[in-house]
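What follows is the residue order along each chain.
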Amino acid sequence: MDIYFDNGATTRVFPEVKDIMVKVLEEEYGNPSSMHRKGLIAEHHLKKTREILASSMKVDPKEITFTSGGTESNNLTIIGTALANQRRGKHIITSTIEHASVYNPFFFLEEMGFEVTFIPVDEKGIIRLDLLKEAIRKDTVLVSVMAVNNEIGSVMPMEEIGAIIKEANPDTYYHADCVQAYGKMKIFPRKWKMDMVSISGHKIHGPKGSGALYVRKGVKIKPILYGGNQEQALRSGTENVPAIAGLGVAAEKIYENHEEKVAYLREIKDYFLEKVMKLPDVTNHSGDAPHIASVSFLKVRSEVLLHALEEKGICVSAGSACSSNKPAVSGTLKGIGLKKEEYESTLRFTFSCYNTKDEVDYVIEELEKLLVVLRRFVRK
């Protein structure tokens, strides 16, 4: 049995994604900056993916910059906008439950002399809008907030956040980390007053090493990579054409029959939560995202249960994949007020269109047996 419930970490590529990538690697392998035929064919792949991404968010294709993924998109927009606008102000804002690729750039900027305000969240993982409104000042150059939390699946009120930011200070830039949101919900940067949006390909059945950044026309942003001035001089370096072509196919497919796809994800998640909550000493702190379930199995440490499930052919995670292999305590789980016994026993189950209810049934059966055994060894 091989069951993959860790789709928040990465996803299996669509067959069509693999096909286009192989074709580009083997046949259409030109450098998109070259002027000959193969270069023009490669450039066509970039143009097509740019149009697909722009269409999905109702923005201009010229506002799409390709990156290597969510981490680079977040670093580029956070560091780039802060440095480009520091004469206007050196105050920046984010929440207390952001992904490491957001809060580490904020720590870097803090070392560079910027003043950082971290806005707390409520018990559901939603940013405190009243505190956000109070925190925005004349010298606030950037607010960065994730659309969907990667650990518990809380969904931020992105449109309301945009309205608050622009009413408090129209010159403050609004960045949204939409890595866990893109493909699971519709994203409308213009309507929601977002200036920058980060997305990642491998979260939507595209290839790893692919991603993009929406940057609204007129935003002042300083590059963090310098070279041949590719991507409108915002992200130098020869574009990863096979990955970008794969990203385009993945984005196109993920938004085909989108409502049905999201409904299926939610059905699988709800079915899982209904079953798992019947087990003893289990607490649920899952947000509204259709694909993320966060559950604490009290009296069993998360890493112990994770490896026990792995021996049964079941892949899950103990939080963010970027930090779950480290012993650090989750800032998200502490941020929503979980007790120590809860955050030390939390696992994350994340679903995709490839998962089934039969797989859920098998996981629940194994959990039921494993919890009985593992809880015998709890220190009292």
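Fair warning: this is a prediction, and the values are worked out from it, not measured in the lab.

Asks: Is there a simple way to think about the overall build of the protein chain in this case?
Replies: In terms of regular secondary structure, the protein chain is built from 12 helices and 12 strands. A compact globule built from 380 residues should have a C-alpha radius of gyration of about 21 Å, and the protein chain, at 21 Å, falls within 12% of that. Across its three principal axes, the protein chain shows a C-alpha extent of roughly 65 × 55 × 35 Å. For the protein chain, the exposed area adds up to about 17,200 Å²; of that, 52% sits on carbon and sulfur atoms. Distance between charge centroids for the protein chain: 3 Å, based on 51 positive and 51 negative side chains.

Asks: Sorry if this is basic, but what is going on with a nonpolar patch on the surface here?
Replies: A grouping of V372, V373 and F377 is seen on the molecular surface, where their side chains present a nonpolar patch of about 310 Å² in accessible area. Accessibility expressed as a relative area gives 38% for V373, which makes it partly exposed.

Asks: Sorry, what's going on with the side chain of N74 here?
Replies: Along the chain, N74 turns up in helix 3 (residues 70-84). Excluding its chain neighbours within four sequence positions, the residues that come into contact with N74 are S101, V102, H175, D177 and S198.

Asks: Is there a simple way to think about the packing of helix 8 (residues 258-276) against helix 12 (residues 357-374) in this case?
Replies: In a pair of packed helices, the angle between the axes and the distance between the axes together describe the arrangement. Two elements in contact, helix 8 and helix 12, have axes whose closest approach is 10 Å; the angle formed by their N-to-C orientations is 25°. One finds that helix 8 runs roughly parallel with respect to helix 12. The two elements helix 8 and helix 12 meet at a crossing, and its hand is right-handed. Here helix 8 contributes E267, I268, Y271, F272, K275 and V276 to the contact with helix 12, which in turn contributes K357, V360, D361, V363, I364 and L367. Partitioned by chemical class, the residues of the contact of helix 8 with helix 12 number eight nonpolar, no polar and four charged.

Asks: Explanation requested: the packing of aromatic side chains in the structure shown.
Replies: Where two aromatic rings form a pair, the distance of their centres and the angle of their planes describe that pair. Taken as a whole and assessed by the stated rule, the structure comprises nine aromatic pairs. Where F5 meets F351, the ring centres are 5.0 Å apart and the plane angle is 75°; that geometry is what we call edge-to-face. Of the two residues, F5 is situated in the loop between strand 1 (3-4) and helix 1 (15-26) and F351 in the loop between strand 12 (346-350) and helix 12; the sequence distance between them amounts to 346 residues. Taking the relative accessible area as the measure of exposure, F5 reaches 0% and is therefore buried. A relative accessible area of 1% means that F351 is categorised as buried. Arranged with centres 5.2 Å apart and planes meeting at 75°, the rings of Y182 and Y255 form a pair that is edge-to-face. On the criterion of sequence distance, the pair formed by Y182 in the loop between strand 6 (173-177) and strand 7 (196-200) and Y255 in the loop between helix 7 (241-254) and helix 8 is long-range, its members being 73 residues apart. The exposure class assigned to Y182 is buried, which follows from its relative accessible area of 0%. These aromatic residues form a ring-pair network of at least three members: F5, F272, F297, F349 and F351. A cation over a ring is seen here: K38 above Y29, with NZ or CZ 4.5 Å from the ring centre. When the ring centre of F114 is taken as reference, the NZ or CZ atom of K90 above it lies at 5.0 Å.

Procedures and definitions
Residues numbered from 1 in each chain as written. Predicted model: local features only at pLDDT ≥ 70, side-chain atom pairs only at ≥ 80, totals over all residues. Heavy atoms only, no water. Helix = DSSP H or I, 4+ residues; strand = E, 2+ residues; numbered from the N terminus. Rg over C-alpha atoms; globule rule 2.2 N^0.38 Å. Areas by Shrake-Rupley, 256 points an atom, 1.4 Å probe, with all protein chains shown as cover. Lys, Arg positive; Asp, Glu negative; His and termini not counted. Charge placed at Lys NZ, Arg CZ, Asp CG, Glu CD. Patch = residues over 30% accessible without salt bridge, like charges linked within 9 Å, V, L, I, M, F, W, Y side chains within 5 Å. Salt bridge = Lys/Arg side-chain N within 4 Å of Asp/Glu carboxyl O. Buried < 20%, exposed > 50% of the residue type's maximum accessible area, 1.4 Å probe, protein only. Contact = heavy atoms within 4.5 Å. Axes fitted to C-alpha atoms, helices over the stretch in contact; angles between N-to-C directions. Parallel < 35°, antiparallel > 145°, perpendicular 65-115°, else oblique. Left-handed = near helix turned anticlockwise from the far one by under 90°. Nonpolar A, V, L, I, M, F, W, Y, C, P; charged D, E, K, R; others polar. Phe/Tyr/Trp six-rings, centres within 6.5 Å; stacked < 30°, edge-to-face > 60°. Lys NZ or Arg CZ within 6 Å of the ring centre and 35° of its normal.

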